[in-house]
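What follows is each chain in one-letter form.
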Amino acid sequence: MAGFRSSGSRLHGLAILACLTNIQSALAQFLNPKTCSLDYHGSILGRRPELSTCPLPVDEESAIDTGNWQPWKRRPYCIDSLQFEQHPPEFCVYAFEPFRGDKGISVITTPVLAASMVDALDDSVVPPKLRNHPSSSLAPEGRDAPAYVMKDVPGKGKGLAAARQIRKWDLVIVEYPAMLAHMGVFEVVGPEMRQEILERALHLLPEKQQSEIMTLARRGDDEPIEDILRTNIFGVELGIEIPHLGLFPIASRINHDCKPNVFWRYSVRSLTIEVVALRDIEAGEEITQSYVPLGLSYEDREQELDHWGFQCKCSLCAASKSQRATSDKNREKILQIYQELNEGATGQTNITAGTVEKLAGKLESLVREEQLDAQLLIYYGVVARAYMRVDELSAAKRYVDLCEDLWVRYAGEEEDYLAGMRQLRHELREREKKATNRQNL
């Protein structure tokens, strides 16, 4: 069993509907070769000084008029959403191969966003570390065997298990999408038209990939292809953080656990998903991820997982009622401490250095007791800002350093994802400058 996983905050239909129409004209202007600028960040690859123009959007009409739809494999097939009376968003099916070796990729998105991802189709954009990983379809012949094997898991169907010992922070899987679909297709396109465009996207892939996809888990709620996509999809982005659903056939085999041993991150620039070990994983142990946000109570986890039609039987959920109550209490306390630190850091309440130290120690202890170490990325940041607020800059620097280390490990090293960390470091430097100026007075 698998399910939708989101790399960021949950994105709802209303937000998508609100931005669809406005974003089209803005992006279209950016992608016009006459207005292309080195400051444009909509392209997957960001700034490309060697390029003086941006790729033009291609839809079905323009392809017919010009007889050209490069770099796409076939002329795109496009539909309009009937739920918009004026200026309906246009979604098109694009196919490209060979993609990441001997594979293909089908993309259902808007013409503008398809144009923005053209550079990412080139295999050379994948960093060597990822390209040469044993699980990568771009790895050279004679590579080592992947660190995982597929196997039957009682009560879960197919799953992945460690083929050998995997160390914490090891890169377990590198995979590229077989399909990408704009979230709007599932929100504003009618069922019959949606089924047609999904089938077209599937059938544009090589037969081997089609077969792999059709063997993936499903719930039986929708038409087969849509059911498979909804059951196995990952939440990813294209362009300027426009939400899409990505299908990664291998990574989608990773089953759920409320105490997962891996997490995943996605690179918009190279269209790559990386699955990374959260802790040591022993040979034969099942590889698991969390389908829901970490830190939820038992009741909230049950509610979230109900969308996928299964009841979690992991060690946390199968624990005794008293053990679950203790865990829920710890998680509630973690949130309370976070809120107290955040209010102090932002000046909403008065806070002292001693209070910050006491709350930080308690926070770290509870996080480790609940095995929620991944959330320290967020908590270290608020502790650092709380220490800045009370001018304990050496302590603040210690937590900024801790946060930066985790930021790179969890978010990766891409420039776009380091912006938040740089902001925290900038705040510390500004505080240090003010402190130095006060001393020199």
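Structure's up top.
Everything numeric here is computed off the predicted structure, so don't read it as measured data.

J.: Even after reading the chapter, I still don't get the nonpolar core, so can you show me in this structure?
T.: When a protein is soluble and globular, its nonpolar side chains tend to lie buried together. With 81 residues, the main nonpolar core has L341 and V383 as its most contacted residues. Considering each element in turn, this core owes the most residues, 10 residues, to helix α12 (residues 376-389). What L341 contacts, discounting residues up to four positions off in sequence, is I351, V356, L359, L363, V382, V383 and A386. With 28 residues, the next largest nonpolar core counts A95, I108, L205 and I213 among its residues.

J.: Help me out: how do you make sense of a negative patch on the surface in this one?
T.: Taken together, the side chains of E299, D300, E302 and D306 present a region of like negative charge at the surface. Note that D306 resides in the loop between α9 (298-305) and α10 (321-345).

J.: It is not clear to me how the sheet that holds strand β13 (residues 272-277) should be interpreted in this structure. Could you clarify?
T.: Spatially, the three strands line up as an open sheet ordered β7-β13-β12, and their pairing is antiparallel. Both edges of this open sheet fall to β7 (171-175) and β12 (262-267), since each of them pairs with a single strand only. Taking the axes of each pair of neighbouring strands and ignoring which way they run, one obtains an average angle of 20° across the sheet.

J.: For this particular structure, what's the right way to read the pattern of salt bridges?
T.: Note that side chains of opposite charge can pair when their charged atoms are close. A complete count under the given rule lists 21 salt bridges for this structure. Here R100 makes a salt bridge to D123, at a shortest N to O gap of 3.0 Å. Of the two residues, R100 is situated in the loop between β3 (90-99) and β4 (103-109) and D123 in the loop between α3 (111-116) and α4 (128-131); the sequence distance between them amounts to 23 residues. Overall, the relative accessible area of 0% leaves R100 in the buried class. Residue class for D123 comes out partly exposed when judged on its relative accessible area of 24%. A salt bridge links R438 to D391, with the shortest nitrogen-to-oxygen separation between them at 3.9 Å. Linking R438 in helix α14 (residues 419-440) with D391 in the loop between α12 and α13 (393-411), this pair joins segments that are 47 residues apart in sequence. Judged by its relative accessible area of 46%, R438 is partly exposed. The class for D391 is partly exposed, based on a relative accessible area of 42%. Each of the salt bridges in this network shares a partner with another, and the network as a whole consists of K397, D401, E404 and R425.

J.: Looking at this model, I keep getting lost on the packing of aromatic side chains. Mind explaining?
T.: According to the stated counting rule, one finds 10 aromatic pairs in the structure shown. On the basis of an interplanar angle of 90° and a centroid distance of 4.9 Å, the ring pair of F234 and W264 is categorised as edge-to-face. Note that F234 is positioned in strand β9 (residues 233-238) and W264 in strand β12, a separation of 30 residues in sequence. With respect to burial, F234 and W264 carry one shared label: buried. Members of the aromatic cluster, each reached through a chain of ring pairs, are F234, F248, W264 and Y266. Above the face of the Y176 ring, R100 is positioned so that its terminal group lies 5.4 Å from the ring centre. When the ring centre of Y298 is taken as origin, the NZ or CZ atom of R324, which lies over that ring, is 4.1 Å away.

J.: Quick question: what am I supposed to make of the environment of E357 here?
T.: Counting through the fold element by element, E357 comes out in helix α11 (residues 353-369). The exposure class of E357 is exposed, given its relative accessible area of 53%.

J.: I'm lost on the packing of α12 against α14 in this one. Help?
T.: When two helices pack together, their arrangement is captured by the angle between the axes and the distance separating the axes. Interhelical geometry of α12 versus α14 gives an angle of 15° and a closest axis separation of 11 Å. On the basis of their axis angle, the class for α12 and α14 is roughly parallel. The crossing of α12 and α14 is left-handed. Contacts from G381, A384, R385, M388 and R389 of α12 reach α14 at Q423, L424, E427, L428 and R431.

J.: So what exactly am I meant to see when it comes to the environment of E404 here?
T.: Within the secondary structure, E404 is located in helix α13. On the accessibility criterion, E404 (32% relative accessible area) is partly exposed. The spacing of E404 and R425 is 21 residues in sequence and 8.6 Å in space, taken between C-alpha atoms. When neighbours within four sequence positions are excluded, E404 is seen to be in contact with M421 and R425.

J.: Quick question: what am I supposed to make of the side chain of E274 here?
T.: Position of E274 among the secondary structure elements: in strand β13. E274 sits in the buried class, given a relative accessible area of 10%. Sequence-distant contacts of E274, that is, excluding residues within four places in its chain, are made with L130, L171, I173, F263, W264 and R265.

J.: Teacher, can you tell me more about α13 here?
T.: Since one α-helical turn is 3.6 residues long, residues separated by three or four positions face the same way. The end-to-end C-alpha distance of α13 is 25 Å, a good match for the 27 Å that 19 residues give at a rise of 1.5 Å each. Burial in α13 covers these residues: L393, A395, A396, Y399, V400, C403, L406 and Y410. For α13, the arc enclosing every buried residue in end-on projection is 140°, short of the 170-degree limit, so these residues lie on one face. Directly after α13, the chain includes G412, whose backbone phi takes a positive value near 95°.

The rules behind the values
Residues numbered from 1 in each chain as written. Predicted model: local features only at pLDDT ≥ 70, side-chain atom pairs only at ≥ 80, totals over all residues. Heavy atoms only, no water. Core = buried A, V, L, I, M, F, W, Y, C linked by side-chain atoms within 4.5 Å. Buried < 20%, exposed > 50% of the residue type's maximum accessible area, 1.4 Å probe, protein only. Helix = DSSP H or I, 4+ residues; strand = E, 2+ residues; numbered from the N terminus. Contact = heavy atoms within 4.5 Å. Patch = residues over 30% accessible without salt bridge, like charges linked within 9 Å, V, L, I, M, F, W, Y side chains within 5 Å. Areas by Shrake-Rupley, 256 points an atom, 1.4 Å probe, with all protein chains shown as cover. Salt bridge = Lys/Arg side-chain N within 4 Å of Asp/Glu carboxyl O. Lys, Arg positive; Asp, Glu negative; His and termini not counted. Charge placed at Lys NZ, Arg CZ, Asp CG, Glu CD. Pairing = 2+ DSSP bridges. Axes fitted to C-alpha atoms, helices over the stretch in contact; angles between N-to-C directions. Phe/Tyr/Trp six-rings, centres within 6.5 Å; stacked < 30°, edge-to-face > 60°. Lys NZ or Arg CZ within 6 Å of the ring centre and 35° of its normal. Parallel < 35°, antiparallel > 145°, perpendicular 65-115°, else oblique. Left-handed = near helix turned anticlockwise from the far one by under 90°. Expected span 1.5 Å × (residues − 1). Arc of directions from axis to C-beta.

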